[in-house]
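If you want the building blocks of each chain, they are given just below.
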Amino acid sequence: MPRYDFRCRACGATFELRRPMAQANDPAVCPQGHQDTVKLLSTVAVTGAASAGGAPQQAPSAGGGGGGCCGGGCCG
Ligand SMILES: [Zn+2]
């Protein structure tokens, strides 16, 4: 059963509820009894299309060119 995060706008508390997806958008009641709550977007319990993308990384350019130095006695 998926888990949903809610935040109470009355007292600012956040809490979790487990409920069927059919009731995902039903109003939730704060543990303190407040009814002014909002459902938070959550990424938990997502099965199937789990593609945690990463920022594209560029491989560092290898080396700094070859030859030219230390081969012809320029740095000795
Ligand atoms: Zn509350």
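Up top is the structure.
Conventions we followed
Residues numbered from 1 in each chain as written. Predicted model: local features only at pLDDT ≥ 70, side-chain atom pairs only at ≥ 80, totals over all residues. Heavy atoms only, no water. Helix = DSSP H or I, 4+ residues; strand = E, 2+ residues; numbered from the N terminus. Buried < 20%, exposed > 50% of the residue type's maximum accessible area, 1.4 Å probe, protein only. Contact = heavy atoms within 4.5 Å. Areas by Shrake-Rupley, 256 points an atom, 1.4 Å probe, with all protein chains shown as cover. Donors = N, O, S within 2.8 Å, 3.2 Å for Na, K, Ca; no water. Tetrahedral: all angles 85-135°; square planar, octahedral: opposite > 155°, others 65-115°. Pairing = 2+ DSSP bridges. Axes fitted to C-alpha atoms, helices over the stretch in contact; angles between N-to-C directions. Salt bridge = Lys/Arg side-chain N within 4 Å of Asp/Glu carboxyl O.

(A) Looking closely at the overall build of the chain. Counting its regular elements, the chain contains zero helices and three strands. A burial count over the chain gives 13% of its 76 residues as buried. The long-range share in the chain, meaning contacts at least 24 apart out of those at least 6 apart in sequence, stands at 31%. Working note: accessible area of the chain is about 6100 Å², and carbon and sulfur atoms make up 51% of it.

(B) The arrangement of the coordination of the zinc ion in detail. Taken together, Cys8 (SG), Cys11 (SG), Cys30 (SG) and His34 (ND1) make up the protein donors of the zinc ion, found 2.0 to 2.4 Å from the metal. In this structure, the zinc ion is coordinated by four donor atoms arranged in tetrahedral fashion, with angles at the metal of 104 to 121°. Here the donor residues of the zinc ion share one chain and are spaced in sequence as C-x2-C-x18-C-x3-H. In this pair, Cys8 sits in strand 1 (residues 3-8) while Cys30 sits in the loop between strand 2 (14-18) and strand 3 (37-40), placing the two residues 22 residues apart along the sequence. As far as burial versus exposure is concerned, Cys8 and Cys30 are alike and both buried.

(C) Focus on the environment of Glu16. Inspection of the secondary structure puts Glu16 in strand 2. Glu16 sits in the partly exposed class, given a relative accessible area of 46%.

(D) Just the sheet that holds strand 1, in detail. Ordered by their spatial adjacency, three strands build an open sheet running 2-1-3, and the pairing between neighbours is antiparallel. Edge positions in the sheet fall to strand 2 and strand 3, since each has one partner strand and no second. Each neighbouring strand pair of the sheet contributes to a mean axis angle of 35°, computed without reference to strand direction. Here five bridges tie strand 1 to strand 2, and the two strands are oriented antiparallel to one another. Among the inter-strand pairings, Tyr4 is bridged to a residue of strand 2, identified as Leu17.

(E) Spatial organisation of the pattern of salt bridges. What the rule picks out here adds up to two salt bridges. The partner of Arg3 in a salt bridge is Glu16, and the shortest N-O contact between them spans 3.6 Å. Taken as a pair, Arg3 in strand 1 and Glu16 in strand 2 lie far apart in primary sequence, 13 residues in all. A salt bridge links Asp36 to Arg9; its shortest N-O distance comes to 3.0 Å. Note that Asp36 is positioned in the loop between strand 2 and strand 3 and Arg9 in the loop between strand 1 and strand 2, a separation of 27 residues in sequence. Residue Arg9 is classed as exposed on the basis of its relative accessible area, which comes to 53%.

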